[in-house]
Amino acid sequence: MKEQFSLSFVHMIASAAGCSIKSHATDYDGVDITISSSAEYATYYCPEFELQLKATAQRDLLKDDHLSWTMKAIPFKKLTNPKRFAPAYLGVLLLPEGGWLEQDEERLVTGSRMYWQSAADLGSIGDDEASKTVRLPRSNLFDIPQLQGIMKTIGDRGDW
């Protein structure tokens, strides 16, 4: 259920930001979906990036300035592979305790929030390590303006 909720969360943000989602039948490459834009930027038309999604209700992972997330070595290496053609990102959805969603005739509300980090900024992992704990800054809140900012950075050929 957490996986489906995280996918739905991203779909809502992406749609509101004017982006679309490309689904992957498997996550063999260490990503769950691709988010694309139909906008034209300084360098590219239709930029896109790949996103690995995770979800948790573990509130103790949220620190003052970041969300900690531990990744197994193989998915970590796939996500951070420097030979990736498209930029990759990690997104972790922090779910509220109790109900994940409230709805009435006027609104749909969730206390969930997603934090993200570029795979290029997650660091590296040693060959003998089984996992790595990464930090997703709380300033990297996956919302409409930040998603549009990611697309602009990629579209303007910024660092990723």
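What comes next concerns the included structure. Nothing here was measured: the structure is a model prediction, and the numbers come from that model.

## Description of the packing of aromatic side chains
Right, so step 1: Within this structure, the stated rule accounts for 3 aromatic pairs.
Right, so step 2: Relative to Tyr89, the ring of Phe49 has its centre 4.8 Å away and its plane inclined at 65 degrees; by these criteria the two rings are edge-to-face. Separated by 40 residues along the polypeptide, Phe49 in strand S3 (residues 48-56) and Tyr89 in strand S5 (residues 88-94) bring together distant segments of the chain.
Right, so step 3: An aromatic cluster of at least three residues, connected via ring pairs, comprises Phe49, Tyr89 and Trp116.

## Points about helix H3 (residues 144-155)
Residues separated by three or four positions in an α-helix point in the same direction, a consequence of the helix having 3.6 residues per turn.
Right, so step 1: For H3, spanning 12 residues, the distance from its first C-alpha to its last is 16 Å, which sits close to the expected 16 Å at 1.5 Å a residue.
Right, so step 2: Taken together, the buried positions of H3 are Leu147, Ile150, Met151, Ile154 and Gly155. Along the long axis of H3, the arc covered by the buried residues comes to 130 degrees, so they all point the same way.
Right, so step 3: Along its buried surface, H3 packs onto helix H1 (2-16), strand S1 (19-23), strand S2 (33-37), S3, S5 and strand S8 (113-118).
Right, so step 4: At the N-terminal end of H3, a side-chain oxygen is found 2.9 Å from the backbone nitrogen of Gln146, two or three residues along, and the residue is Asp143.

## As for the pairing of S8
Residues in a regular strand project their side chains so that they alternate between the two faces of the sheet.
Right, so step 1: The element S8 is largely enclosed, with a buried count of 5 among its 6 residues.
Right, so step 2: Of the strand pairs in this sheet, S5 and S8 are connected by 6 bridges, and their pairing is antiparallel. When the sheet's bridge partners are listed, Leu90 is paired in S8 with Gln117.

## Observations concerning the sheet that holds S5
Right, so step 1: Taken in spatial order, the 5 strands line up as S1-S2-S3-S5-S8 in an open sheet, and their pairing is mixed. What marks the edges here is a single partner per strand, and that holds for S1 and S8. Along the sheet, successive strands turn relative to each other by an average axial angle of 30 degrees, direction set aside.
Right, so step 2: Of the strands in this sheet, S1, S2, S3, S5 and S8 touch H1, which is tilted by about 135 degrees from S3.
Right, so step 3: Along the sheet, H3 makes contact with S1, S2, S3, S5 and S8, crossing S3 at roughly 145 degrees.

## Some remarks on the pairing of S2
Right, so step 1: The buried fraction of S2 amounts to 5 of the 5 residues, a majority that puts the element mostly inside the structure.
Right, so step 2: Along S2, one buried face is formed by Ile33, Ile35 and Ser37 and the opposite face, lined by Thr34 and Ser36, is buried too.
Right, so step 3: For S1 and S2, the ladder comprises 5 bridges, and the chain directions are antiparallel. For Ser20, the partnering residue across the bridge sits in S2 and is Ser36.
Right, so step 4: As paired strands, S2 and S3 are joined by 4 bridges and run antiparallel to one another. Bridged to Ile35 within S3 is Phe49.

Calculation rules
- Residues numbered from 1 in each chain as written.
- Predicted model: local features only at pLDDT ≥ 70, side-chain atom pairs only at ≥ 80, totals over all residues.
- Heavy atoms only, no water.
- Phe/Tyr/Trp six-rings, centres within 6.5 Å; stacked < 30°, edge-to-face > 60°.
- Helix = DSSP H or I, 4+ residues; strand = E, 2+ residues; numbered from the N terminus.
- Expected span 1.5 Å × (residues − 1).
- Buried < 20%, exposed > 50% of the residue type's maximum accessible area, 1.4 Å probe, protein only.
- Arc of directions from axis to C-beta.
- Contact = heavy atoms within 4.5 Å.
- Polar contact = N/O pair within 3.5 Å; in protein donor to acceptor, adjacent residues only side chain to side chain.
- Pairing = 2+ DSSP bridges.
- Axes fitted to C-alpha atoms, helices over the stretch in contact; angles between N-to-C directions.

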